[in-house]
Amino acid sequence: MRQAWGRLFSRNPQTGLKRISAEVFTAELPIRQPLVALQQAFPEAVAQLQLLAAEAERQLRDAVVLEFEVDSGEIRCQNALPLERTAQAACKIAVALVQEELLSREEAIFRVDPHDLRALLVASLEDSPEASLYRGQSRVPGVASGRIVLSAAAAVRAKEPVILLCERLTYVERDALHRLDGLIIRAGSSLAAGHYECPCVLIPDCNLNEGQWVTMDATTGQVYDGDVPMVTGSLSADAEILLEWTDAFRRVEVRANVANLEEARLAPFWGAQGVGLFRIESLFLVPHRLPLFQTVLRQICCQELSASPAYDQIVSEVSEDVAALLEAAPGPFNVRLLDAPLSQMLGYWRDSGELPEDYFSGTLGVWIQELNPMQGLRCGRLSLLYPRLMEIQLRAVLRAWGGRRGRLQVMMPGVCDAHELRLFRRCLAQVAEQEGAPLPEIGSMLEIPRACLLAEELAEEVDFLAFGTGDLTESTCGMSRYDSPLSFLPAYLEQSVFERDPFESLDQGGVGALMRWACRRVQSKCPSVEMGTVGAQAVDPKSLDFCVGLGLKYVSVPVRHLPVARLAAAQASLRPGNPRHQLPRLHRS
C-alpha cells in the first residue's frame, strides 16, 4: 500500500545550498507538504533518501531531484533527474561540485548557461506585493518603475522615469525606446524593445491612467501599483569564481564596447581585456559640446576654413575626454572615427528647431536631401571628403595618447576599398608628424560585403580588422535593424524564413559565409593582421562559438554583457570539434 510519495531535492533549487528539501504527499493528506511531514510519519525514510540522493549525485555528477514513494514502510526511488535551478543556484552548484571533486573545472563551466550570468545582473523586486494590477506575458525580462505615459512624445518630454502603455510598437514608439524605463503593449511584436533591452510586457486588456505610478516585473509579467523597492543585480561570489576559471580556458580575448567614461571604468572590473570599440561621435554629439561641433561642421563643409578658434577648442576638449578614457581602461583601446550619416544628423537638428534656417543653406542644404542616409555620406566617406574633419578627430586622439604605453587603435568605419585606407593612413601619418606622436595601430571595419570579399587587400594596409556584424547583416540581408522588427521580421520568424532574429543571432549561412571567406583569405595572406568582431551578436553563445571557430583574436561586447561573453567564449574554446579547441590539463580543485 502506497503510504507517501513525492520529490526530494538534494540541494536548494533557489540558492544551490546543500540542504535537502521535499514536496511530500501522504495517503492521509494528499496535498503538498514539506519534508517535516515525511520525517514525522517515517523517520527512517528521510535518512534513506539522503543516502540515495548522495549516491545519485555521485553517479549523475550533478544536483538531483528524486521521485520516490513509501510503500509498506519501504522507500522506493522511482527516478533521479537533474535538478531544475535558478541562475544563482546554477553557479553555486557548479562550484560546489568541483570542490567536492565530482566535476573538473572544465566540466563545471558547461553546467551554467551564459545567460544565467546576465540574469544575475538584472535588477529584481525586493519583495513582490501580494496583489497585482495586471498579469501579462513577459516579452523582454527586467524590472521598471515609473509614471505611465500614453504617447512617445510624452515619454521624450518626461523628466522622470516613465513606462509607455501603447496599443502596439510602431515607428513612432521606436524613436522613444531609448528614453523608456519600461513598456506595456496590448498587441503585436516586441522585437524592437528587445533590441533596446527595454523591459516589456504584453497585456491585451491593460488600462492604466496617464501619470499613474506603477512598477512592472517584466520577468514574471506582473504590474503593481505604486513604487515597489528594487534590488540591484550583482554577480554572486560563486559566479565570480566560475568566471576566474573561464579566463584560464578561453582562446579568444573578450573586450568591451564602451560608450562613456563610466563604462570605460567599469569594463576592467567586469574582466574586459581592452576596449574593442569606442565611437568617437559620442564625444562630439554630447549636449554640452553639440553647438561647438555644429559650428565646426559648418565651417568645414561650407566655409572651408583651414583653421579657426572653434577647431582648436573642440580638439582640446575632445582630447581631454579621450585622455580620461585611456587612463580608465588599460589594454588595447580602439577608437572608431565618425560614422553617423551627415544628412541624418542635419535632419535631427533641423527638426529640433534649435538652429537658424540659414544654417542649412549651401553645401549642408544639399547633403540634407539625401534619400538613403545609411548608404550615403557617412563613416569614412565623410572624413575623406572633408579631410579637415578627419584631422580634428586624429589630432584629438593622438594628443590624448601622448607617450602612453597602452596600445591605441584607430579604426575607419564603412570601408569598401583598400585605397580608402591608403588615404586614411596618409592623413594619419601627416597629423602624427605634426603632433610629434608615434603612429597608432590602424584598422578597418568589415561591415560591407565588398570589404569582406576584398579583405586580403584591405589587410595589406592595416594592422587589424574588425567585423561590424550589425551593419554587415543589414547590408548582406538588405534589411534594417531599426525598421524590420516593426514590419516584416516578426512574420519572417513566425514562418521560419529566419530561425532566429539575425540581429541577435548571427546569420551563419549568409553573413557567416562572408566572415569565413574574409578570415581564410586574411589568415593565409596576412597572418599578422589581428581580426575580431565588435557586433552585438557576439553576446549570443551560438554566434560566439562561430566566431571562435573562425580563429578571431577577440570579440568585443557591451560592458553589461561581459560576464556572458567570458563564459560563452570559454565554452566555445573547450568544445570538442572547435578548430581552436586545445583541452588543457584537468583541474580538480
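In what follows, the structure referred to is the one given above.
Every chain is numbered independently, its residues counted from 1 as its sequence is written. Reporting in this predicted model follows two pLDDT cut-offs: at least 70 for local features of residues, and 80 or more for side-chain atom pairs to be given and counted; totals over whole chains, interfaces and linings ignore these cut-offs and use all residues. As a rule here, side-chain values come from all non-hydrogen atoms in the structure, and water together with hydrogens is ignored.

Student: Would you explain the sheet that holds strand 21 (residues 530–533) in this entry?
Tutor: In any sheet, the strands associate via hydrogen bonds between backbone groups, in a parallel or an antiparallel arrangement. Each pair of strands is called paired provided DSSP finds at least two bridges between the two strands. Note on conventions: DSSP H or I runs of at least 4 residues are helices, E runs of at least 2 residues are strands, and numbering of each starts at the N terminus. Around the barrel, which closes on itself, the eight strands sit in the order 15-16-17-18-19-20-21-22 with parallel pairing between neighbours. Put simply, the sheet's adjacent strands are angled 30° from each other on average, direction ignored. Note that strand 19 (residues 441–446) and strand 20 (residues 464–467) share four bridges and pair parallel. Its bridge partner lying in strand 20, Gly 443 is registered against Phe 464. The axes used here are C-alpha line fits, helices contributing only the stretch in contact, and every angle between their N-to-C directions lies in the interval 0 to 180 degrees.

Student: Got a minute to help me understand the packing of helix 5 (residues 114–121) against helix 25 (residues 562–574) in this structure?
Tutor: Each pair of packed helices can be summarised by the angle the axes make with each other and by the distance between the axes. Taken N-terminus to C-terminus, the directions of helix 5 and helix 25 make an angle of 165°; their axes are 8 Å apart at the nearest point. One element, helix 5, and the other, helix 25, form an angle in the roughly antiparallel class. For the element pair helix 5 and helix 25, the recorded crossing hand is right-handed. Where helix 5 approaches helix 25, its residues Pro 114, His 115, Leu 117, Arg 118 and Leu 121 are matched on the opposing element by Pro 563, Val 564, Leu 567, Ala 568 and Gln 571. Considering only residue class, the contact of helix 5 with helix 25 consists of seven nonpolar, two polar and one charged. Should an angle fall under 35 degrees it is taken as roughly parallel, and over 145 as roughly antiparallel, whereas 65 to 115 is taken as roughly perpendicular and any remaining angle as oblique. Helix crossings are classified by the rotation of the near helix relative to the far one: an anticlockwise turn of less than a right angle makes the crossing left-handed, while a clockwise turn makes it right-handed. In what follows, a contact means two residues having at least one pair of non-hydrogen atoms within 4.5 Å. Think of it as three bins: nonpolar holds Ala, Val, Leu, Ile, Met, Phe, Trp, Tyr, Cys and Pro, charged holds Asp, Glu, Lys and Arg, and polar takes everything else, Gly as well.

Student: Could you clarify how one ought to interpret the layout of surface pockets in this entry?
Tutor: The computed volume of the second largest pocket comes to approximately 400 Å³. Here a cavity denotes a set of grid points, spaced 1 Å apart and computed over the protein atoms alone, in which a 1.4 Å probe fits but from which it cannot get out, and a pocket denotes an open set meeting protein on both sides within 12 Å along at least five of seven lines; residues with an atom within 4 Å of a point are reported as lining. Around the second largest pocket, the lining residues are Arg 118, Leu 121, Tyr 196, Glu 197, Gly 233, Asn 260, Glu 262, Glu 263, Leu 266, Trp 270, Val 559 and Arg 560. Of all the secondary-structure elements, those providing two or more residues to the lining of the second largest pocket are helix 5 and helix 10 (261–269). Looking at the lining of the second largest pocket, the element that brings in the most residues is helix 10, giving three residues. When the residues that make up the lining of the second largest pocket are grouped by side-chain class, the tally is five nonpolar, two polar and five charged. Grid points are joined across faces, edges and corners, and a volume is the space filled by probe spheres set on the points.

Student: How should helix 3 (residues 87–99) be read in this particular structure?
Tutor: Because the α-helix completes a turn every 3.6 residues, residues three or four places apart line up on one side. Helix span, expected: 1.5 Å multiplied by one less than the number of residues in the helix. Look at helix 3: 19 Å from first C-alpha to last across 13 residues, which is about the 18 Å you get at 1.5 Å a residue. Among the 13 residues in helix 3, ten count as buried, and that is most of the element. In this structure, the buried side of helix 3 is in contact with helix 4 (105–109), helix 5 and helix 9 (237–249). Phi for Glu 101, located one or two positions after helix 3, is positive at around 65°. Exposure is judged per residue with a 1.4 Å probe applied to protein chains only, and the accessible area is read against the type maximum: over 50% gives exposed, under 20% gives buried, and values in between give partly exposed.

Student: Hey, could you run me through unusual backbone geometry in this one?
Tutor: Excluding glycine, residues mostly carry a negative phi; peptide bonds, for their part, are mostly trans. Notably, Cys 379 is not glycine yet its phi reads approximately 45°, a positive angle. The phi dihedral of Ser 496 falls on the positive side, at around 65°, and the residue is not glycine. Tracing the sequence through the fold places Ser 496 in the loop between helix 22 (489–494) and helix 23 (511–525).

Student: I would appreciate a short explanation of a nonpolar patch on the surface in the present structure.
Tutor: Patch membership is restricted to residues that have no salt bridge and whose relative accessible area is over 30%. Joining uses 9 Å for like charges and 5 Å for the nonpolar side chains Val, Leu, Ile, Met, Phe, Trp and Tyr. Here, Shrake-Rupley sampling with a 1.4 Å probe gives the accessible areas, and only protein chains in the shown set may cover a residue. Criterion for a salt bridge: a side-chain nitrogen of Lys or Arg within 4 Å of a carboxyl oxygen of Asp or Glu. On the surface, a nonpolar cluster with roughly 250 Å² of combined accessible area is contributed by Phe 488, Tyr 492 and Val 497. Counting through the fold element by element, Val 497 comes out in the loop between helix 22 and helix 23.

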